[in-house]
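Chain by chain, the residues:
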Amino acid sequence: MNPTGTHLGLPFFDDVHRDLGQQLVEWMARQQVDESDDRQACRQWVQLLGERGWLRYCVPEGVGGALGGALPRLDSRALVVLRETLAFYSPLADFAFAMQGLGSGAITLAGTPAQQAAYLPQVASGKKIAAFALSEADAGSDAGAMQTSATRTATGWLVNGSKTWISNGGIADFYVTFVKTDPDAGTRGITPFIVDATNPGVDSSEHIAVMAPHPLATLHFTNCALPESAQLGPLHGGFKLAMQTLDIFRASVAGAALGMARRALAEAVHYSKQRQMFGQKLADFQLTQAKIGEMATLVDAAALLTYRAAWLRDEGERTGNTARVTVEAAMAKMTATENAQRVIDMALQMHGGLGVKVGTKVESLYRDIRSLRIYEGATEVQQLIIGKAVLKS
Ligand code: COS
């Protein structure tokens, strides 16, 4: 089963994206990773993806990145094509890839040359595992309400507080951690720091078990001393940097959802052509044909919004147009994740009892897709972003 179709022929893409998609399909079809232990499997995926060079699309040219010339620092279409293809085969492989990009994204956007040189080549080779630490127990959608703080010392900063829902927590080598540096300034008082996992005062041992297992933890910072050089970007500029990072990666979450939806559709088509009932194949029933028609349309609608968001951002980078693509990325993320959930549910229903049997692909997809409607901005946050922008225009 493979995801190759006509979508890469759309004018949103260049030949480099088409080749990338095709090569990754061939490579993924040959990979075999035992995913029974999510932490072990995630480490292995990072290593494999790094060795084969796929992680080079998570960082810019000059510090280990694959793309240069006229292409942007981080090419959104490459990220979308890669995530869509990885998620078709293995949502955990997609997770491992995505976190290298999200975890290092703020370093790409705002890191000093020294910070970029110290982290990005190793992210690209898979030698360092990255993580993005923004959320807290009482600051998820309302990211500006975070409480974890950094106070000045003679030599740098002292961080105290906790972060939660941190993907790669427990296996990451470093955490790009957003904290309050001015507790009274709301979103204008946040600064990110690069915190090495080995730094004294960082405890990442509180693992969180979730329905689709992947490395996830709560982080505790207790008098965690950081040097000045750990500060990322301008003082108090962290909220914007976090949002700019999410603007890039939200479209790629849409890509991942698309890959899962395409897989569910492929599973449904395959199954309905085999399954006999009432003297004919499941696919011969008009009810089945109508469902397949609806699923295919949901997939294509999500694809067009996703590719538009990625293309717009890349086009902006290419032409120097700095207009934000927040709304387009929000539309893509919301639609692709919600549509994927519906497509996967329909595919599961078509499989009958087999659909809920542990070990069936649609059963694991049903669990895998769920968190994508929540993380990197829940559907309700995307609705808010879009609605506010429409009312303002
Ligand atoms: N790019 C650049 N700047 C941005 C931005 C973006 N995409 N989005 C917001 N900003 C800026 C605003 O321009 C504003 O700047 P000023 O202070 O100069 O006016 C500032 O950031 C605050 O923006 P806003 O008032 O819209 O912030 P809110 O606190 O209302 O939050 C939402 C807006 C809800 C959209 C934001 O908190 C959000 O995206 N939350 C979800 C966070 C998330 O995805 N969490 C998951 C973590 S990763 S798993």
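The structure this text deals with has already been given above.
Here goes a summary of the coordinates provided. The shown structure was predicted, so the numbers you read here are calculated from the model rather than taken from an experiment. (Residues numbered from 1 in each chain as written. Predicted model: local features only at pLDDT ≥ 70, side-chain atom pairs only at ≥ 80, totals over all residues. Heavy atoms only, no water.)

**Some remarks on the pattern of salt bridges**
Then, in step 1: The final tally for this structure, using the stated rule, is 16 salt bridges.
Then, in step 2: K163 serves as the salt-bridge partner of E136, at 2.9 Å between the closest nitrogen and oxygen. Separated by 27 residues along the polypeptide, E136 in the loop between β1 (130–133) and β2 (149–152) and K163 in strand β3 (residues 156–167) bring together distant segments of the chain. In this pair, the class of E136 matches that of K163, namely buried. (Salt bridge = Lys/Arg side-chain N within 4 Å of Asp/Glu carboxyl O. Helix = DSSP H or I, 4+ residues; strand = E, 2+ residues; numbered from the N terminus. Buried < 20%, exposed > 50% of the residue type's maximum accessible area, 1.4 Å probe, protein only.)

**Here's the deal with the packing of helix α6 (residues 238–274) against helix α8 (residues 326–350)**
Then, in step 1: The geometry of α6 relative to α8 is characterised by a closest axis approach of 8 Å and an angle of 20° between their N-to-C directions. The orientation of α6 relative to α8 falls into the category roughly parallel. The way α6 lies across α8 gives a crossing that is left-handed.
Then, in step 2: The residue inventory of the contact of α6 with α8, partitioned by class, reads 18 nonpolar, three polar and three charged. (Axes fitted to C-alpha atoms, helices over the stretch in contact; angles between N-to-C directions. Parallel < 35°, antiparallel > 145°, perpendicular 65-115°, else oblique. Left-handed = near helix turned anticlockwise from the far one by under 90°. Nonpolar A, V, L, I, M, F, W, Y, C, P; charged D, E, K, R; others polar.)

**Notes on the nonpolar core**
Nonpolar side chains in soluble globular proteins tend to be buried together.
Then, in step 1: Counting residues in hydrophobic clusters, the biggest one holds 74 residues, and the most contacted among them are W45, L49 and F178.
Then, in step 2: If near-sequence neighbours (up to four positions away) are discounted, L49 is found in contact with W27, W54, L55, L86, A93, A96 and F97.
Then, in step 3: Grouped together as the second largest cluster of nonpolar side chains are 41 residues, F13, L298, A340 and L348 included. (Core = buried A, V, L, I, M, F, W, Y, C linked by side-chain atoms within 4.5 Å. Contact = heavy atoms within 4.5 Å.)

**Re unusual backbone geometry**
Then, in step 1: With a phi close to 70°, H236 is a non-glycine residue in the positive phi region.
Then, in step 2: Here H236 shows up in the loop between β7 (216–227) and α6.
Then, in step 3: Residue classification places H236 among the partly exposed positions, given a relative accessible area of 27%.
Then, in step 4: Positive phi, close to 45°, is recorded for F278, a residue that is not glycine.
Then, in step 5: Position of F278 relative to the elements: it lies in the loop between β8 (276–277) and β9 (280–281).

**Describing the environment of E35**
Then, in step 1: Position of E35 among the secondary structure elements: in the loop between α1 (15–28) and α2 (38–51).
Then, in step 2: Owing to a relative accessible area of 34%, E35 belongs among the partly exposed residues under this scheme.
Then, in step 3: Between the C-alpha atoms of E35 and E338, which are 303 residues apart in sequence, the distance is 26 Å.
Then, in step 4: For E35, the contacting residues outside a window of four places in its chain are A41, W45, S90, L92 and A93.

**Considerations on the site of the ligand**
Then, in step 1: In the vicinity of the ligand, 23 residues are found, and the nearest of them are S141, R188, K240, D247 and R250.
Then, in step 2: Contact with the protein chains hides 74% of the accessible area of the ligand, taken as 1,000 Å² for the molecule alone.
Then, in step 3: Of all the elements in the fold, those that place two or more residues in the shell around the ligand are α6 and α10 (379–392).
Then, in step 4: Here the element with the most residues in the shell around the ligand is α6; it accounts for seven residues. (Near = heavy atom within 4 Å. Areas by Shrake-Rupley, 256 points an atom, 1.4 Å probe, with all protein chains shown as cover.)

**Observations concerning the layout of surface pockets**
Then, in step 1: Empty space within the second largest pocket amounts to approximately 580 Å³.
Then, in step 2: Lining the second largest pocket we find 25 residues, and of these E35, P91, L92, P213 and D368 sit closest to its centre.
Then, in step 3: Elements represented by at least two residues in the lining of the second largest pocket include exactly α4 (91–110), α6 and α9 (361–368).
Then, in step 4: Ranked by residues supplied to the lining of the second largest pocket, first place goes to α9 with five residues.
Then, in step 5: Grouping the amino acids of the lining of the second largest pocket by side-chain chemistry returns eleven nonpolar, six polar and eight charged. (1 Å grid on protein atoms, 1.4 Å probe; cavity = no way out; pocket = protein on both sides within 12 Å on 5 of 7 lines; lining within 4 Å. Points joined across faces, edges and corners; volume = space filled by probe spheres on them.)

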